Each structure stands twice: as structure tokens, then as C-alpha cells.
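Descriptive structure summary
Residues per chain, in single letters:
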Amino acid sequence: MKALNKKLAMIILSLLMSLSLLSNAFAESNASTDYESHWAKESIQKALDSGILKGYPDGTIRPNNQITRAEFFALVNNAFGFEKTAAITFSDIKNNSWAYPVVAKAQAAGYITGYPDGTIHPESQISREEAAVVVSHILSLKPSTEVLPFTDISRIAVWSKLAVLSIYEAKIMSGYPDGSFKPASQITRAEAVVTLLKALEARSAIYDRAGTFGPETEIETIHSTVMIKASNVKLQNLHITGDLIIGEEVGEGNAILNNVTVEGDTFIRGGGPNSIHIQGGSYNKITVQQLSSKQIRIVAVDVSGLEIVISKKSTGKGIILEGTFERVTIEADDVDIQTQNHTVVKEMIVAAQIKDVNIDLSENTSVSRLVLNSAIQVTGQGTITLAEVNADNVAFEKAPLQQTVGPAVTITPVVTGGGNGGSTGSNGGSTGGNGGSGSSVVGFFTQASFTGSFTSELRVKIDGQVISNFSLYYNNTLVAATTNGVVTTVNNVFSDLSKVKIQYNGSYWTDSDLSVAPTGGVDGSATSEVEILIHASFENAITSDMKVKIDGEIVTNYSLYYNNDLVTTTIDGVITTASSVFNDLSKLKIQYNGSFWTDSDSAAGTW
């Protein structure tokens, strides 16, 4: 009996195994015929072969089935290789759910945000416009127009319109034969697979061999990230909607960008001393990262608003700049920044708490504004219009034309270059001559001055010559800078002449006899006769119409000041006064022909 039972059990087991094989055979047959005649057959097979798509336990694909949000996220993670996870913040998914690791990867990748109530709805079916938003976000797509060709455009939600437009332009999703997009319709498994495969194709364009790429004349748009992974690659007439990466594979070779527009960011990781040449085009920001070589050169010509960031990953490297730059920001330790030939930098900023940085400015370099938030050596004979020093231990080989020193600075900036040794920064002492050894005669000249101070226009002579391009300091604080040799002063700032000094030609100077000489005319060399004329006057005041003569001639187009405050301006030479504001004639002055004047005898005549 036992033997019979054993034999019967073996027969049953054999029968079950046969049924199992037959079931698998039917499943395989179902799987092969499940999408055999489907319009997306090739894409489905490609997704299966690459591991992006997996079938159901029965072996079917079910291409026309709708897909849940979590299932779509799983396809996205498989397609783009998202493996990093993040803590889930959504309230409607439990940690024992199959979708929990899927959503954790999606949240780490940053392409999902959830609903306003803090849910993610993992088991809800995903619509076509929701899928478009996910893909557009991953690829950082931006549309170039705001015109959608679909017949049901009014049904596309405001929050998805730009995403739908961008993926349509990128040829990732299209409409139906009837001209509609059907934004609220649930996307099918087949549509999801096709969409993701096209997204992968659009994700990056890789140039891994030398050559010229891009049309000769027209602009070609690339809806993806572009990577240069070879030396001697030239890109031309391209509009890149993603990022541009100049890879370490460039080595010490060259990369040439002619009329290239990059909507995303540009990252430089390779190149040498003759390397990156940028001609025309437009860039959001160019970041220099970890380089494969010790030194890199960036040449920029005819590019407006170009911003360069020397990131922390550039530590220990040499960066050569040539051309025109809107802003250069230095964030790395131990870097040498050099400029070559004719280079213009509108703003250069050295970040705080970095060390061992040197900036060397070639003679034909000009920096409009240099902000120094860390100790630094600035060498070379380039021109710095304004230096803002916010850190100790700053040194210049050539003094800036203007300089401000932050309140936290305790060690005065110094000028170390030959012929400029007399300068000790805006807080230093004042010496005349080059190298602090000369005894040149320095004279301050004003159009008008008052007791104990002067508040009018100021000119400076050194050894009898009126100078230009100087900066004026009072009590070691920068007041103004000039390129035409004239500084207009205000509000009694110069009540102590011993605190007045100028910075000129790399040195600081004071008036050798601490006195102010009067000056008239435009060149500061003559004293003109000034008369104030009135119709009638009352005791201790002027209240009637007024005219002004200079050297016997009635003047027009002048402004009247009292106690350094503007009263009024005239174009016909006549000012009607009122309310006895002019009860002290010593406080009366006019501005005419670019200069300030007072009545030479402080008395009013009549006409």
C-alpha cells in the first residue's frame, strides 16, 4: 500500500511538472504575441533587453494597459539609473509597500513633488501631462515658443503647459492623428516606454572625436545636455537647452565654441594652456571644476554677460583669462589667476576664507571692481578702478585708482611695486613723490572756500601741473575719484586740511603746505572777478531779483547755492529770490560752466 502511494505521488508530481512547463510555454507564447503586432513593438523589445521594462508574472507585457504613478516612477528609475534614495515625506505610502523604495529613489532624484496635501498617490494612474512634467523636469527642458499645435490646447493645465510644449519641441511626446494631445488621458505602458526611450536619446549629445559640429549658418537646437569628450572639438551655431560639459577627456587639448548658446550651466573639467576658446554666443554660468591638467586658459571674445566661477574643485590649478568677462568669482584655495593681453573684467570677487590665492593682471588688463574678502596678493600692472578690501594681509603691486577698506580690516593694504612704495593703503600715511623719496610741490586749488573748510570744486597740481585720474581721500576714507581732474566736494567734509590726501600714479600725496589756493576758470590757473547784482536789497538780506557777472559778463545757465544747498537754477540769468534766505553773503555761491564760484568781495551790487 505504501509502495502504491509512493508510486502515485511520483505520478502526480510528474504531472504537475508537465503542467508547469506547459504553463510556462503558454506564458512565453503569450509574451511573444502580447506585443508582437503592437505599434511600439521595437521600443518594447528594446526596453525589455535593456532591463527598463519587465513583464508580468504570467509573461505578458500588456502594452495597452494604463500605468500607475508608482509604476511610471519605477520605469523612470530604471531608465535613468536613479539608485540613490531619500527619506520619504509623503503621508500615503507605507514602508512595507512595494512602491516605497521606488518613491524613495524618485524623491532623491528630485523629479517628484507630490500634492499640496502632502500625498503622492502612488497607485493612481498617471496622465500624459503628468508624465510630460516628470520627463521635462529630469531633462531641464525649456520651450523656445509658447505655441502648441494641438486642437485640445485649452484642456492642457496651466501647471503642465510649458512641460508639454518642451517635450513636444524635443520630439519626445507627440499628439494623436486627430491633432489632439489628450493631456488628462492616462498614459499606457507602451506610450510610457516610448517616451522614456526618446528621453534617453535626448538626454545627452556626446562629441567624442575631433572635428567641427553644427551647421555653417543656421542655428541647430539640441534639447539635451552636451558633452565634449575629446580634444580639438569645435561646436558652432548650436542652441543647447541643457548643460554643456567639457570633460576631462579633453586633456590638455582645445575646445572651440563659436556662437553657442547654453541655457543651462557650463562645466569645464578638461583643457590646457591653449584650451577653451569662446567666440560669441550666450552662457548662463561657466564653472571651472576639477581639471585634468595643471593649467587652463579661457579666451572669451564678443560674449556679453559672461560669468566665470573658479570652484573649490579647482584647488591647486592655474587659470588664465583673456578677453571680456562680466564677473569672475574665485572660490578655491591655492589658485593662480592670470590675465593675458587685452582683458576686461567688470567685476572680480574673491570669496571669504580662502587662502594662497594670487591674481596677476597683465598690463593691458582692466578690472572695474575688485572685491577682496580674503588675504591675497594682486600682482602685475593691470588697472583696478575700484578695490574693495574686506580682509587683512592684502597687497597690490600697483595701487588701485580707488580703494575702500572695510571696518573689520585691521592690517592696512599695502602697495609693494617699484615706484609705488610711498603708498600704504587708504589707512596709511601720506608721502609725496615716487617711492616715498621725492619732495614734489603739491597744491590744492578750489573755486571757493569758506572759513575752516572748503566745499567747492577741487583740482590738484603737482610741480605746477594740473593732474587728472586721481582719487581723493579725507581722514583715510575714499571721497571720490576723477578722470578729468575735477572733484566736486560737498557738505564741509574738508574742515581739516591735514586729513586731505590724494592717490595719484600709485602713490599718496598731501598738500605740501596744507593750504588751499583759490582758482577760477576751467584750467585752475586764473582768478576771475565775480559779481552778484540785485534790483533791491534790505538790511542784512537779499530778497530781490539777482544776476551774476563773471569778468564783467552777465552769465546764464547757472545754479544758485546757499550754505551748500541748491536753491534754484536758471537758464536766462535771472533768479527771483524770496524770504530773505540770503542773509549771509559768505554762504552764497553759484555753479557755472562746471565750476563753483563766490562773489570775490562778498558784497552785492545793483543793476
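Everything here concerns the structure above.
Anyway, here's the lowdown on the structure attached to this text. (Residues numbered from 1 in each chain as written. Predicted model: local features only at pLDDT ≥ 70, side-chain atom pairs only at ≥ 80, totals over all residues. Heavy atoms only, no water.)

On to the side chain of Ser 160, then. Along the chain, Ser 160 falls in helix 6 (residues 158-169). Those residues within four positions of Ser 160 in sequence are excluded, and the remaining contacts are Glu 129 and Val 133. (Helix = DSSP H or I, 4+ residues; strand = E, 2+ residues; numbered from the N terminus. Contact = heavy atoms within 4.5 Å.)

Moving on: the nonpolar core. Ranked by size, the top nonpolar core spans 60 residues in total, and within it Leu 235, Ile 330 and Phe 396 carry the most contacts. Counting residues per element, this core draws most heavily on strand 14 (residues 318-330), which supplies five residues. If near-sequence neighbours (up to four positions away) are discounted, Ile 330 is found in contact with Ile 310, Val 335, Ile 337, Met 348, Ile 349, Val 350, Ala 351, Ile 354, Val 357 and Ile 359. Core analysis: the next-biggest nonpolar cluster, separate from the first, contains 55 residues, Ala 74, Ile 126, Leu 165 and Ile 187 among them. (Core = buried A, V, L, I, M, F, W, Y, C linked by side-chain atoms within 4.5 Å. Buried < 20%, exposed > 50% of the residue type's maximum accessible area, 1.4 Å probe, protein only.)

Time to look at helix 5 (residues 128-139). When the terminal C-alpha atoms of helix 5 are compared, their 17 Å separation across twelve residues agrees well with the 16 Å that a helix rising 1.5 Å per residue should span. For helix 5, the tally of buried residues reaches ten of twelve residues, placing the bulk of the element in the interior. Every buried residue belonging to helix 5 is among Arg 128, Glu 129, Glu 130, Ala 131, Ala 132, Val 134, Val 135, Ser 136, Ile 138 and Leu 139, and all of these are buried. Structurally, helix 5 contributes buried residues whose contacts are with helix 3 (69-80), helix 6 and helix 7 (189-203). Ser 140 occupies a position one or two residues after helix 5 and carries a positive phi of about 55 degrees. (Expected span 1.5 Å × (residues − 1).)

Mapped onto the secondary structure, His 38 falls in the loop between helix 1 (2-34) and helix 2 (41-50). Take His 38: its relative accessible area is 13%, and that puts it in the buried class. Sequence separation between His 38 and Ala 190 is 152 residues, and the spatial gap between their C-alpha atoms is 8.9 Å. Every residue in contact with His 38, bar those within four places of it in the chain, is listed here: Ile 44, Pro 63, Asn 64 and Ala 190. A distance of 2.7 Å separates the side chain of His 38 from the side chain of Asn 64, its partner in a polar contact. (Polar contact = N/O pair within 3.5 Å; in protein donor to acceptor, adjacent residues only side chain to side chain.)

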